[in-house]
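Observations on the model geometry
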Amino acid sequence: MEKSNNNTLELVVKQGQPTLVPPAEETDKGLYFLSNLDQNIAVTVRTIYCFKSDERGNEDAVEVIKDALAKVLVHYYPAAGRLTISSEGKLIIDCSGEGAVFVEAEANCSIEEIGDNTKPDPVTLGKLVYDIPGAKNILEIPPVVAQVTKFNCGGFVLGLGMNHCMFDGIAAMEFINSWGETARGLPLKVPPFLDRNILKARIPPSIQFPHLEFAEIEDISCSTELYKEEMHYRSFCFTPEKLNQIKLKADENATQKKSTTFEALSAFVWRARSQSLKLNPDQKTKLLFAVDGRTRFDPLLPEGYSGNGIVLTNSICSAGELVENPLSFTVRLVQEAVKMVDDSYMRSAIDYFEVTRARPSLSATLLVTTWSRLSFHTTDFGWGEPLLSGPVALPEKEVILFLSHGKDRKSINVLLGLPASAMKIFEELMQI
């Protein structure tokens, strides 16, 4: 590590030349269908997994992980292809078998010196994930990009850039865990179900809901001005005790059923963020979040479904109503948004995209992404579970991330970025 001007340590990573890792055996070629749920969120998600074992050094880490990647891509062969545009103007995978991009790298310090990765740090952590140089759009970025960085303490970091159109959180977790099982010489616990045609739009399409998740809301609060300030990123830890306090508050004067942790925490941060941004009382504000549809589709999605099985739901309310009413009011809005998601709503959302090609709008919106139920911390390539795992950066300024935290994963870390003056208010509102 080298000292930079502000006395913090700067991570220096020396990356080798990228190579391609094709599937270890011949796989199917041709075009591979992506559903309308895959089309919605075609962004690269960058994550890191830090490993260090007392029993095993990092000498063979690159070889083991690279070899296992080639083998696991036989099962997940579309991930070795390339994104292209179909004759219908939609994203599709060309199963060319070219392979995932793989980079070997070395860092100048011990793994402990990376510091606190409980909050996204795109500058430091970004060095641990390989970026395709000069890529102008997602079509120029392979769906899976991996970097293994060896540290001089015997530890290593696996940094991944994976396109969300290939995997949602659950599918990504199953892919990475399958890769780990392959590295340990084990059969796949959950083999992937690859056929995404089961989520094709209906003929003719049938839109039965207004789908306000796509609605563009006018910003009457001049928030764009506020966002010209320096952005501050913070992570707030909610222990089980704190979470219980919020749930008690959420259920005060409530006429609805008792709130879940997700409902209470989402309501709490939606309200606090609206206050922090000093939104005009008449400003409409939208809460967006994903609901896992795997158990809500009829019939259920098959086990190991490897695409996006999540559907975005929403609630829209004026900032004044959020702030003036008790927390139970906001919780009820969140509960109604969850309840809305059933088979007919999800099929309608698929058909809505088919007809409109609209993507969800983030204007005057808070998008809550919850990773707290994903077991990325169980990934094991033969060096035990990761010491740390998490995102490199928040994808958009409108996104708040929920991550499980602590030994027993019972705490939740809330990660977000806000303009400096708004973050100051948000921090005060978090003191409960």
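Residues numbered from 1 in each chain as written. Predicted model: local features only at pLDDT ≥ 70, side-chain atom pairs only at ≥ 80, totals over all residues. Heavy atoms only, no water.

1. Focus: the overall build of the chain
Counting its secondary structure elements, the chain contains 11 helices and 18 strands. Computed over C-alpha atoms, the radius of gyration of the chain comes to 22 Å, within 12% of the 22 Å expected from 2.2 N^0.38 for 432 residues, which places it in the range of a compact globule. Seen along its three principal axes, the alpha-carbon backbone of the chain occupies a region of about 60 × 60 × 40 Å. The 432 residues of the chain split such that 54% are buried. (Helix = DSSP H or I, 4+ residues; strand = E, 2+ residues; numbered from the N terminus. Rg over C-alpha atoms; globule rule 2.2 N^0.38 Å. Buried < 20%, exposed > 50% of the residue type's maximum accessible area, 1.4 Å probe, protein only.)

2. What to know about the packing of aromatic side chains
The tally for this structure, following the rule as stated, stands at 15 aromatic pairs. Arranged with centres 5.7 Å apart and planes meeting at 45 degrees, the rings of Phe175 and Trp179 form a pair that is tilted. Of this pair, Phe175 and Trp179 both sit in helix α4 (residues 169-183), four residues apart, which is roughly one turn of that helix. Within the aromatic cluster, the residues linked to one another by ring pairs are Phe51, Tyr76, Phe156, Phe167, Phe175, Trp179, Phe381 and Trp383. (Phe/Tyr/Trp six-rings, centres within 6.5 Å; stacked < 30°, edge-to-face > 60°.)

3. What to know about unusual backbone geometry
Omega for the peptide link from Ile203 to Pro204 comes to -10 degrees, which places this bond in the cis form. Among the structural elements, Pro204 can be located in the loop between α4 and α5 (223-226). Along the chain, Asp298 connects to Pro299 via a cis peptide bond; the corresponding omega equals 0 degrees. At His211, a position not held by glycine, the phi torsion is positive, near 50 degrees. Locating His211 in the fold gives a position in the loop between α4 and α5. Taking relative accessible area as the criterion, His211 reaches 3% and is therefore assigned buried. If you check the backbone angles, Cys222 has positive phi at about 55 degrees while not being a glycine.

4. With respect to the packing of helix α7 (residues 261-276) against helix α9 (residues 327-339)
The contact between α7 and α9 brings their axes to 8 Å, and the two run at 120 degrees. In terms of their interaxial angle, α7 and α9 are classed as oblique. Viewed along their axes, α7 and α9 form a crossing whose handedness is right-handed. Taking contact as the criterion, the partners of Phe262, Glu263, Ala264, Ser266, Ala267, Phe268, Trp270 and Arg271 in α7 are, on α9, Leu327, Thr330, Val331, Leu333, Val334, Gln335 and Val338. (Axes fitted to C-alpha atoms, helices over the stretch in contact; angles between N-to-C directions. Parallel < 35°, antiparallel > 145°, perpendicular 65-115°, else oblique. Left-handed = near helix turned anticlockwise from the far one by under 90°. Contact = heavy atoms within 4.5 Å.)

5. With respect to the sheet that holds strand β8 (residues 91-95)
Here three strands make up an open sheet; going across it, the order is β5-β8-β7 and the pairing antiparallel. The open sheet is flanked by β5 (30-32) and β7 (82-85), the only strands paired with a single partner. Going from strand to strand, the sheet's axes swing by 45 degrees on average, the running direction of each strand aside. Across four bridges, the pairing between β7 and β8 is antiparallel. Paired with Thr84 across the two strands is Ile92, which belongs to β8. (Pairing = 2+ DSSP bridges.)

6. Observations concerning the packing of α7 against helix α11 (residues 420-429)
Two elements in contact, α7 and α11, have axes whose closest approach is 8 Å; the angle formed by their N-to-C orientations is 140 degrees. The angle between α7 and α11 falls in the class oblique. Crossing angle aside, the handedness with which α7 passes α11 is right-handed. Residues Phe268, Val269, Ala272, Arg273, Gln275 and Ser276 of α7 pack against Ala422, Ile425, Phe426 and Leu429 of α11. Residues of the contact of α7 with α11, tallied by class, amount to seven nonpolar, two polar and one charged. (Nonpolar A, V, L, I, M, F, W, Y, C, P; charged D, E, K, R; others polar.)

7. Things to note about the sheet that holds strand β14 (residues 310-318)
Across the sheet, which stays open at both edges, the six strands sit in the order β12-β18-β17-β15-β13-β14 with mixed pairing between neighbours. Only two strands of the sheet have a single partner each, and these edge strands are β12 (231-238) and β14. Each adjacent strand pair in this sheet contributes to an overall mean axis angle of 20 degrees, direction not counted. Where strand β15 (residues 365-370) lies against strand β17 (residues 399-405), four bridges are found, and the strand directions are parallel. Among the inter-strand pairings, Thr370 is bridged to a residue of β17, identified as Phe402. Across the face of the sheet, α9 comes into contact with β13 (284-292) and β14 while running at roughly 145 degrees to β14.

8. Considerations on the pairing of β17
Buried residues dominate β17, accounting for six of its seven residues. In the sheet, β17 pairs with strand β18 (residues 411-419) via five bridges, with the strands oriented antiparallel. For Ser404, the partnering residue across the bridge sits in β18 and is Ile412.

9. Digging into empty space enclosed by the protein
Within the structure shown, the criterion is met by two cavities of 30 Å³ or more. Taken as a whole, the largest cavity encloses approximately 90 Å³ of empty space. Surrounding the largest cavity, Leu37, Asn40, Ile41, Glu213, Phe214, Ala290, Ile310, Val311, Leu312 and Ala349 form its lining. Of the residues forming the lining of the largest cavity, the biggest block, three residues, is contributed by β14. The class makeup of the residues in the lining of the largest cavity is eight nonpolar, one polar and one charged. The volume enclosed by the second largest cavity comes to roughly 40 Å³. Contributing to the lining of the second largest cavity are Tyr32, Tyr76, Pro78, Ala79, Met166, Phe167, Leu194, Arg196 and Ser306. Its residues assigned to classes, the lining of the second largest cavity shows seven nonpolar, one polar and one charged. (1 Å grid on protein atoms, 1.4 Å probe; cavity = no way out; pocket = protein on both sides within 12 Å on 5 of 7 lines; lining within 4 Å. Points joined across faces, edges and corners; volume = space filled by probe spheres on them.)

Everything listed here is a matter of coordinates, which is why it stays silent on function.
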